[in-house]
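Topology and contacts: notes
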Amino acid sequence: MRLKPGALLRFYSLCGILVQGSQGQFPLTQNVTVVEGGTANLTCRVDQNDNTSLQWSNPAQQTLYFDDKKALRDNRIELVRASWHELSISVSDVSLSDEGQYTCSLFTMPVKTSKAFLTVLGVPEKPQITGFTSPVMEGERMQLTCKTSGSKPAADIRWFKNDKEVKDVKYVKEEDSARKTFTVSSTLDFLADRSDDGAVVSCRVDHESLNSTPQIAMQVLEIHYTPLVKIISSNSWPEEGQSIILTCESKGKPVPEPVLWTKDGGELPDPERMVVNGRVLSISFLNKTDNGTYRCEAKNPIGRNSTEYVLIVHDVFNTLLPTTVIPSLTTATVTTNVALTASTTTSATATSIRDPNALAGQTGPDHALIGGIVAVVVFVTLCSIILLGRYLARHKGTYLTNEAKGAEDAPDADTAIINAEGSQVNAEEKKEYFI
């Protein structure tokens, strides 16, 4: 049997309409997640419906609503919208027992169904920190435990110390089979240090039911430790006649008692100049006897500690004018000139030299330098006199005339003249020869 082309086209069109109608009568639902204690909305939609009834049923296959008619006596369940294309209901004050698979049924032939899974989130309880005893001594081991219950799924616990996360922690998760919730605990283990005193340790619980607002428990640490001592000097280069202030800084918990100052292992030798005011030691009019090791000691109920400061008092710094080097003397004349020059220099520089023993800021004649120059002048003068005397002594002698020569052996003056050297009597006569 052959169909005509027009009849065949009408047959294919009818099949398409039937298929389209069948697809449009399929119910559509979505999974729902709700926090425990909240409200869950269940919606079932049908794009095309030829007056066919819709029905919602719970995980126990109990009918909740058939079209707009309530079938289960539960005041928490209410009708939101009922039509041929939609059936929506709400469940308020949801508990963990309401979790499960809900079914929307479209009463066609055959009946068509769609599943919607209701997930109920268990809200974790506020965390608590245990294991802390106050105060804690420095060096002791601390174990802090943070615990929270009632979460579903299991909550996440993170530790922070002064807003800085601590990673090395222990994590334990226990499931409560009765309510399908979890109890989670985490332990923070560390050695107490003085830097932890006053630190804020916090335990933070993160969970998807908290809507990005974590639950936090905090604990402020109190650490007791021995004092830490340090000496600060007000003068880095102390000189004679100046003053110095030594401050002893001590930090400990409990607060250290008033500090104790000592010098070279004993008491301060000069209480009139060495004054202690609390943690401050003031020394006035420094001198060489103040040199030594000064110790500051602080203590509290936990223990004691000390530190030392070595004081070296320096000489007063003086700026001296360059001195003149006197050259070695060779003759009496040169020696005399140098002595005169030295005397002139003495008068010119005597008033400009400072006394090295005087205090800073004082001016006056340098007696030691003046005395030294005077001694040099006296020494040079004496040397000049000695050299001049030796020079004159070398040229001193007896001068005799020719007439006096031979007079020593003559009995009288006439004989002496006759016997004298160069006399005409004894002189050899000059002779002349002619050739």
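**Points about the side chain of lysine 263**
- Take lysine 263: it is sitting in strand E21 (residues 260-263).
- Under the relative-accessibility criterion, lysine 263 is labelled buried at 9%.
- When sequence neighbours within four positions are dropped, the list of residues in contact with lysine 263 reads Leu268, Pro269, Met274, Thr289, Asp290, Asn291, Gly292, Thr293 and Tyr294.

**Some thoughts on the pattern of salt bridges**
- Going through the model one piece at a time under the given rule, you end up with 21 salt bridges.
- With a closest N to O distance of 3.4 Å, glutamate 86 and arginine 81 form a salt bridge.
- Accessibility expressed as a relative area gives 48% for arginine 81, which makes it partly exposed.
- Residue lysine 152 is joined to glutamate 99 by a salt bridge in which the shortest nitrogen-to-oxygen separation is 2.6 Å. Here the residue lysine 152 occupies a position in the loop between strand E12 (141-151) and strand E13 (156-161), and glutamate 99 occupies one in the loop between strand E7 (86-91) and strand E8 (100-106), the gap between them amounting to 53 residues.
- Salt bridges linked by common partners bring Arg158, Glu165, Lys167, Arg204 and Asp206 together as one network.

**Here's the deal with the side chain of glutamate 239**
- Along the chain, glutamate 239 falls in the loop between strand E19 (223-233) and strand E20 (244-253).
- Among the residues examined, glutamate 239 registers a relative accessible area of 13% and is labelled buried.
- Here the side chain of glutamate 239 touches tryptophan 237 through a polar contact of 3.5 Å, side chain to side chain.
- Excluding residues that lie within four positions of it along the chain, glutamate 239 makes contacts with Leu286, Val313, His314, Asp315, Val316 and Phe317.

**Remarks on the pairing of strand E3 (residues 54-57)**
- Here E3 shows two buried faces, one formed by Leu54 and Trp56 and the other by Gln55 and Ser57.
- Looking at chain direction, E3 and E8 are connected through four bridges and run antiparallel. Bridging across to E8, glutamine 55 finds its partner in serine 105.
- With three bridges joining them, E3 and strand E4 (residues 63-66) adopt antiparallel strand pairing. Bridge pairing in E4 links tryptophan 56 to tyrosine 65.

**Describing the state of the cysteines**
- Within this structure, the stated rule accounts for three disulfides.
- Linked covalently through their sulfurs, cysteine 44 and cysteine 104 form a disulfide whose S-S length is 1.8 Å. Handedness of the cysteine 44-cysteine 104 disulfide follows from its S-S torsion of about -75 degrees: it is left-handed. In this pair, cysteine 44 sits in strand E2 (residues 40-45) while cysteine 104 sits in strand E8, placing the two residues 60 residues apart along the sequence.
- On the basis of relative accessibility, which here comes to 0%, the residue cysteine 44 falls in the buried class.
- Paired by a disulfide, cysteine 248 and cysteine 296 hold their sulfur atoms 1.7 Å apart. With the S-S bond torsion at -75 degrees, the cross-link from cysteine 248 to cysteine 296 turns out left-handed. Placement of cysteine 248 in strand E20 and of cysteine 296 in strand E24 (residues 292-300) is noted, with a sequence separation of 48 residues between them. Side by side, cysteine 248 and cysteine 296 carry an identical accessibility label, which is buried.
- Going through the protein in sequence order and numbering each bonded cysteine, the pairs you get are 1-2, 3-4, 5-6.

**Section: the environment of threonine 130**
- Relative to the helices and strands, threonine 130 is located in strand E10 (residues 128-130).
- Under the relative-accessibility criterion, threonine 130 is labelled partly exposed at 43%.
- The sequence separation of threonine 130 and glutamine 219 amounts to 89 residues, and the corresponding C-alpha distance is 9.5 Å.
- If we skip the residues at most four places from it in the chain, threonine 130 touches Gln143, Leu144 and Thr145.

**Details of the sheet that holds strand E1 (residues 32-35)**
- The six strands are arranged E1-E9-E8-E3-E4-E5 in an open sheet whose pairing can be described as mixed. Strands at the two margins of the open sheet, each flanked by one partner only, are E1 and strand E5 (69-70).
- Of the strand pairs in this sheet, E8 and strand E9 (residues 112-121) are connected by seven bridges, and their pairing is antiparallel. By the bridge assignment, glutamine 101 is partnered in E9 with phenylalanine 117.

**A closer look at the packing of aromatic side chains**
- The full count for this structure, using the stated rule, is one aromatic pair.
- The side chain of lysine 161 reaches across the aromatic face of phenylalanine 190, ending 4.3 Å from its centre.

**Overview of the confidence of the model for the protein**
- This prediction gives the protein a mean pLDDT of 80; 74% of its residues lie at or above 70.
- pLDDT under 50 marks residues 1-22. Its contacts with residues more than four places away, or in other chains, come to four contacts.
- Ignoring residues within four places in sequence, the model shows residues 422-429, a span with pLDDT below 50, making six contacts including any to other chains.

**What to know about unusual backbone geometry**
- In this chain, serine 134 is followed by proline 135 through a cis amide linkage whose omega measures -5 degrees.
- Cis geometry is found at the peptide bond from lysine 253 to proline 254, where omega equals 0 degrees.
- Relative to the assigned elements, proline 254 resides in the loop between E20 and E21.
- Even without being a glycine, aspartate 163 presents a positive backbone phi close to 70 degrees.
- Even without glycine at this site, phenylalanine 285 takes up a positive phi of about 50 degrees.
- Checked against the element boundaries, phenylalanine 285 lands in the loop between strand E23 (280-283) and E24.
- Phenylalanine 285 gets classed as exposed once you look at its relative accessible area, which sits at 58%.

Rules of the game
- Residues numbered from 1 in each chain as written.
- Predicted model: local features only at pLDDT ≥ 70, side-chain atom pairs only at ≥ 80, totals over all residues.
- Heavy atoms only, no water.
- Helix = DSSP H or I, 4+ residues; strand = E, 2+ residues; numbered from the N terminus.
- Buried < 20%, exposed > 50% of the residue type's maximum accessible area, 1.4 Å probe, protein only.
- Contact = heavy atoms within 4.5 Å.
- Salt bridge = Lys/Arg side-chain N within 4 Å of Asp/Glu carboxyl O.
- Polar contact = N/O pair within 3.5 Å; in protein donor to acceptor, adjacent residues only side chain to side chain.
- Pairing = 2+ DSSP bridges.
- Disulfide = S-S within 2.5 Å.
- Phe/Tyr/Trp six-rings, centres within 6.5 Å; stacked < 30°, edge-to-face > 60°.
- Lys NZ or Arg CZ within 6 Å of the ring centre and 35° of its normal.
- pLDDT = per-residue confidence, 0-100.

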